[in-house]
Amino acid sequence: MKQILKSGEAEVIVKKSRFIGEAHRITSEEEAAALVAETRKKYYDARHVCYAYSFGDTNPRLKFSDDGEPKGTAGKPILDIVNGSGVQDILIIVTRYFGGILLGTGGLVRAYSDAAKEALLAAETGELVDCVMRKYSGIAYGDYDKVRFILEKNGITDYETEYGSEVAITAYIPVQLDEGITGEITDSTRGTCAPENLGTTRVVRNTESLNEA
């Protein structure tokens, strides 16, 4: 599952109609409503401001709006992009400036879908990973580089280091790698390192754009 780290925006023009897509991360349904209201204010002279969002991990809450477009031609196509994106807690808004030419049902579905898709491609995302927050205490200075090497060869480069008479490192370890990494660190320090489990959480790793995924 992914999460949006930086909002994306893109524009699609179809037969003189402008479709401006925005993809955002949301932290609540209230925030989604506020972002839609903000977009309506920003594009106050637009004909339609349609949207869809998914919020929550398991059994996410879904909502969409056609905002005056024919039923099923705007909000539902946007929601289909949302549901197929693999992104959690996401809102996509597509604003339409009417160009004077009717697009028909199929044309509207394609236009709203394309604008939503392009907004997603423009967004910056990261992978959500279930991790154990580990604190490795009692590391001798002579073993510090060994522990760093073990972490970094497994892709863990963002960690906190505390210096004292000995060294302590706190890092987020992916659940599936925790046993192996912790065992290797314990062996490399000859059992002097004391690994402490500070709990599990979900963190964002591997920042990327969806068009590189």
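Predicted, not measured: the structure shown is a model, and the values here were computed from it.

(A) Structural context of the packing of aromatic side chains. Inspection of the entire model under this criterion finds four aromatic pairs. When the centroid spacing of 5.0 Å and the interplanar angle of 80° are considered together, the rings of Phe 19 and Tyr 112 count as edge-to-face. Placement of the pair is Phe 19 in strand β3 (residues 17–25) and Tyr 112 in helix α3 (residues 104–122), with a sequence separation of 93 residues. Taking the relative accessible area as the measure of exposure, Tyr 112 reaches 0% and is therefore buried. Seen in terms of ring centroids, Tyr 43 and Tyr 97 are 6.2 Å apart; in terms of plane orientation they differ by 85°. Their pairing is edge-to-face. Here Tyr 43 is found in the loop between α1 (29–42) and β4 (48–55), whereas its partner Tyr 97 is found in strand β6 (residues 90–97), with 54 residues between them in sequence. Taken individually, Tyr 43 and Tyr 97 each receive the classification buried, so the pair is uniform in this respect.

(B) Broad picture of unusual backbone geometry. Unusually for a residue other than glycine, Lys 15 sits at a positive phi of about 50°. Mapped onto the secondary structure, Lys 15 falls in the loop between β2 (8–14) and β3. Backbone geometry at Arg 190 places phi at a positive 60°, although glycine is not the residue there. By the secondary structure assignment, Arg 190 is in the loop between α5 (175–188) and β10 (194–209).

(C) Highlighting the pattern of salt bridges. Here the structure, examined in full by the defined rule, presents 15 salt bridges. Asp 145 is paired through a salt bridge with Arg 148; the nearest N and O atoms lie 3.5 Å apart. In this pair, Asp 145 and Arg 148 are both assigned in helix α4 (residues 144–153), three residues apart and thus about one turn of the helix distant. Via salt bridges that share partners, Asp 57, Asp 130 and Arg 202 belong to a single interconnected network.

(D) Structural context of the layout of surface pockets. When its volume is computed, the largest pocket comes out at roughly 300 Å³. Taken together, 14 residues form the lining of the largest pocket, with Asp 158, Tyr 159, Tyr 172, Val 203 and Arg 205 sitting closest to its centre. Elements represented by at least two residues in the lining of the largest pocket include exactly β8 (159–163), β9 (167–174) and β10. Top contributing element to the lining of the largest pocket by residue count: β10, with four residues. For the lining of the largest pocket, the class distribution of residues is seven nonpolar, four polar and three charged.

(E) Main features of the environment of Lys 71. Here Lys 71 shows up in the loop between β5 (61–65) and α2 (75–84). Judged by relative accessible area, which is 82%, Lys 71 ranks as exposed. A sequence separation of 34 residues divides Lys 71 from Thr 105, and the C-alpha atoms of the two residues are 9.2 Å apart.

(F) Structural context of the nonpolar core. Counting 24 residues, the largest nonpolar core has Phe 19, Ala 23, Ile 78, Ile 90, Ile 92, Val 94 and Tyr 112 as its most contacted members. Where this core is concerned, the elements lending two or more residues are β3, β4, α2, β6 and α3. The biggest single contributor to this core is α3, with seven residues. Contact partners of Phe 19, with chain neighbours within four places excluded, come to Ala 10, Glu 11, Val 12, Val 14, Val 94, Thr 95, Arg 96, Leu 103, Leu 108, Ala 111, Tyr 112 and Ala 115. In this structure, Tyr 136, Tyr 159, Ala 171 and Cys 193 belong to the second largest nonpolar core, which totals 15 residues.

Here is what the cut-offs are and how they apply
- Residues numbered from 1 in each chain as written.
- Predicted model: local features only at pLDDT ≥ 70, side-chain atom pairs only at ≥ 80, totals over all residues.
- Heavy atoms only, no water.
- Phe/Tyr/Trp six-rings, centres within 6.5 Å; stacked < 30°, edge-to-face > 60°.
- Helix = DSSP H or I, 4+ residues; strand = E, 2+ residues; numbered from the N terminus.
- Buried < 20%, exposed > 50% of the residue type's maximum accessible area, 1.4 Å probe, protein only.
- Salt bridge = Lys/Arg side-chain N within 4 Å of Asp/Glu carboxyl O.
- 1 Å grid on protein atoms, 1.4 Å probe; cavity = no way out; pocket = protein on both sides within 12 Å on 5 of 7 lines; lining within 4 Å.
- Points joined across faces, edges and corners; volume = space filled by probe spheres on them.
- Nonpolar A, V, L, I, M, F, W, Y, C, P; charged D, E, K, R; others polar.
- Core = buried A, V, L, I, M, F, W, Y, C linked by side-chain atoms within 4.5 Å.
- Contact = heavy atoms within 4.5 Å.

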